[in-house]
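Chain by chain, the residues:
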Amino acid sequence: MPAAPSSLRAELNGAEKEGPEHDARIFGEVTDLFLSNVDRLGESQIAAVDGVLAHLIERVDAKTVVQLSQALSTIDRAPRQTIRKLAFHENHLLAAPVLRRSNCLLEADLLEIVKSRSQQHLLAISDRKILNEALTDALMRFGDVHVSNALARNAGARFSECGYATLVGRAERDEVLAEKLGLRLDIPGSLLRELLGRVADVVRARFLTASRPIAREKTKGSAAAGAGPGDAARKANDYTQVQSEVVALNRTGQLNDSIVNRFAVRGEYTHVIAALALKADVKIEAIEPLLEPDRVYGLIVACKAARLSWSTTTMIVRNRPNCPPSTDRELEQCVAIYESLLLSVAQWTIRFGSDRILAKNNEPVAAVAAADRR
């Protein structure tokens, strides 16, 4: 960074003796000097900037300080004293940007803020890209329902077993939290099983048959492949012949686990889809989306509703076209769902989900028809 002009250095030395306008100008000039030269600064220069900015934070208007907080929140070489002062500031609007994004804050700082600052501060921390178990435990201990919901939707938050158990307990009284929690990739199977037993039927049905945006993000490449030519091919399939074959097999008592298992092993997924639709008593259009990577929960429910064994269900899951291999945790979750649901509950759930899927599929058609009427 080029040396500060002598006039500016003189003003910095006498900053306390001047008024608010002087402070605001010095604050702006030092901020601009730092942001323009951050990659070329030495440690002593950063320390000099740090001393000025940290001192003036309380002497300039909040709007200006918020802008500084936003600018420094993504800079790894940001002045540490200034970052810490911003993070601990009682005004959450000033603190929020660095609490959400800054890598310059120590875990001890964040834990202290969780214990001593407002719910808005805690909510900002809950949005950090990565949160370890110590932080999520503290956030749930001191945080309100909004903090719990923010943590549940944060894919980068890691929970201890105690932390997850706390969330499951709260989800019994909070439908939104229950749905977010049920869609997490990392929830242990044992706690997913407990969640399934605690929530209302409608809530359980919503998250079991919903797409999982976290799963879609994690498998973006594979999911994109599944949403391309393969997806188009599935939508274009004419099931007339396949349905006739499946109905004939069912009429003679041959549409059993063994034959559906064979369909899956051979990759004959038009037959798998038709068989599931018939045996679960829902439309084919409601089963097709469940073959996507982010709908595995709904697929498990459909298999249970169709009275298929876990062995056959596993084969269907493992051989889905254009889908990445299931992780051990995903299979653990799938087992929990399969074993937790009574047949009658699975059948009600897939029919409830079927209505939602078909309604969503019909939305574009309804929109076109409405446009035509206009």
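Higher on the page you've got the structure.
Just so it is clear, the structure is predicted and the values come from calculations on it, not from any experiment. (Residues numbered from 1 in each chain as written. Predicted model: local features only at pLDDT ≥ 70, side-chain atom pairs only at ≥ 80, totals over all residues. Heavy atoms only, no water.)

Asks: Please set out the overall build of the protein residue by residue, giving values where relevant.
Replies: From N to C terminus, the protein includes 25 helices and zero strands. For the protein, the proportion of its 374 residues judged to be buried stands at 48%. Of the contacts formed within the protein by residues at least 6 apart in sequence, a portion of 70% connects residues at least 24 apart. With an accessible surface of roughly 18200 Å², the protein has 51% of that area assigned to carbon and sulfur atoms. (Helix = DSSP H or I, 4+ residues; strand = E, 2+ residues; numbered from the N terminus. Buried < 20%, exposed > 50% of the residue type's maximum accessible area, 1.4 Å probe, protein only. Contact = heavy atoms within 4.5 Å. Areas by Shrake-Rupley, 256 points an atom, 1.4 Å probe, with all protein chains shown as cover.)

Asks: Break down unusual backbone geometry for me, citing the residues and quoting the values.
Replies: Of note, the phi angle at Asp281 is positive, near 60°, even though the residue is not glycine. With respect to the element layout, Asp281 can be found in the loop between helix 20 (269-280) and helix 21 (284-287). Residue classification places Asp281 among the exposed positions, given a relative accessible area of 55%. For Arg307, which is not glycine, the phi dihedral falls at a positive 65°. Here Arg307 lies in the loop between helix 22 (296-305) and helix 23 (310-318).

Asks: A description of the packing of helix 8 (residues 119-126) against helix 10 (residues 145-153) should follow, citing residues and the corresponding values.
Replies: Orientation of helix 8 relative to helix 10, taken along the N-to-C sense of each, is 5°, at an axis distance of 9 Å. Relative to helix 10, helix 8 is oriented roughly parallel. In this structure, helix 8 uses Gln119, Leu122, Leu123 and Ser126 to contact helix 10, whose residues at the interface are His146, Val147, Ala150 and Leu151. Across the contact of helix 8 with helix 10, the residue classes break down as five nonpolar, three polar and no charged. (Axes fitted to C-alpha atoms, helices over the stretch in contact; angles between N-to-C directions. Parallel < 35°, antiparallel > 145°, perpendicular 65-115°, else oblique. Nonpolar A, V, L, I, M, F, W, Y, C, P; charged D, E, K, R; others polar.)

Asks: Please give an account of the environment of Asn103 that cites residues and values.
Replies: The topology assignment puts Asn103 in the loop between helix 6 (92-101) and helix 7 (107-116). Taking the C-alpha atoms as reference points, Asn103 and Ile83, 20 residues apart in sequence, are found 9.8 Å from one another. Residues contacting Asn103, with those up to four places away along its chain left out, are Asp76 and Arg128. Of the polar contacts made by the side chain of Asn103, one reaches the side chain of Asp76; its length is 3.1 Å. (Polar contact = N/O pair within 3.5 Å; in protein donor to acceptor, adjacent residues only side chain to side chain.)

Asks: An account of the nonpolar core is needed here, citing residue identities and associated values.
Replies: If you look at the biggest cluster of nonpolar residues, it comprises 104 residues, and the most contacted ones within it are Leu99, Leu195, Ile316 and Ile337. Excluding residues that lie within four positions of it along the chain, Leu99 makes contacts with Ala87, Leu105, Leu110, Ile113, His121, Ala124, Ile125 and Arg128. (Core = buried A, V, L, I, M, F, W, Y, C linked by side-chain atoms within 4.5 Å.)

Asks: For the side chain of Ser354, give the residues involved together with the corresponding values.
Replies: Inspection of the secondary structure assignment puts Ser354 in helix 25 (residues 343-373). The exposure class assigned to Ser354 is buried, which follows from its relative accessible area of 5%.

Asks: Please give an account of the pattern of salt bridges that cites residues and values.
Replies: Inspection of every chain in the model, using the stated rule, returns 17 salt bridges. The closest approach of N and O atoms between Arg59 and Asp23, which form a salt bridge, is 3.0 Å. A residue pair is termed long-range when its members are at least 10 positions apart, and Arg59 in the loop between helix 3 (43-56) and helix 4 (62-72) and Asp23 in helix 2 (residues 20-37) qualify at 36 residues. Among the residues examined, Asp23 registers a relative accessible area of 3% and is labelled buried. Between Arg206 and Glu179 there is a salt bridge, with its nearest N and O atoms 2.7 Å apart. Of this pair, Arg206 sits in helix 14 (residues 201-208) while Glu179 sits in helix 12 (residues 175-182), and the two are 27 residues apart along the sequence. Salt bridges linked by common partners bring Arg84, Asp109 and Glu112 together as one network. (Salt bridge = Lys/Arg side-chain N within 4 Å of Asp/Glu carboxyl O.)

Asks: Before we move on, can you summarise the side chain of Asn154 with the specific residues and values?
Replies: Assignment of secondary structure puts Asn154 in the loop between helix 10 and helix 11 (161-171). Polar side-chain contacts of Asn154 include one of 2.8 Å to the backbone oxygen of Arg128. Once residues lying within four places of it in the same chain are set aside, the contact partners of Asn154 are Ser126, Asp127, Arg128, Lys129, Leu131 and Arg184.

Asks: Could you give an account of the packing of aromatic side chains, with specific residues and numbers?
Replies: All told, the structure shown has three aromatic pairs when counted by the stated rule. Seen in terms of ring centroids, Phe159 and Tyr164 are 4.9 Å apart; in terms of plane orientation they differ by 45°. Their pairing is tilted. The exposure classification of Phe159 matches that of Tyr164, with both residues buried. Between the aromatic rings of Trp310 and Tyr338, the centroid separation amounts to 5.4 Å while the plane-to-plane angle is 55°, which identifies the pairing as tilted. Here the residue Trp310 occupies a position in helix 23, and Tyr338 occupies one in helix 24 (residues 328-340), the gap between them amounting to 28 residues. Residue Tyr338 is classed as buried on the basis of its relative accessible area, which comes to 12%. It is Lys304 that lies over the ring of Tyr338; its NZ or CZ is 4.4 Å from the centre. (Phe/Tyr/Trp six-rings, centres within 6.5 Å; stacked < 30°, edge-to-face > 60°. Lys NZ or Arg CZ within 6 Å of the ring centre and 35° of its normal.)

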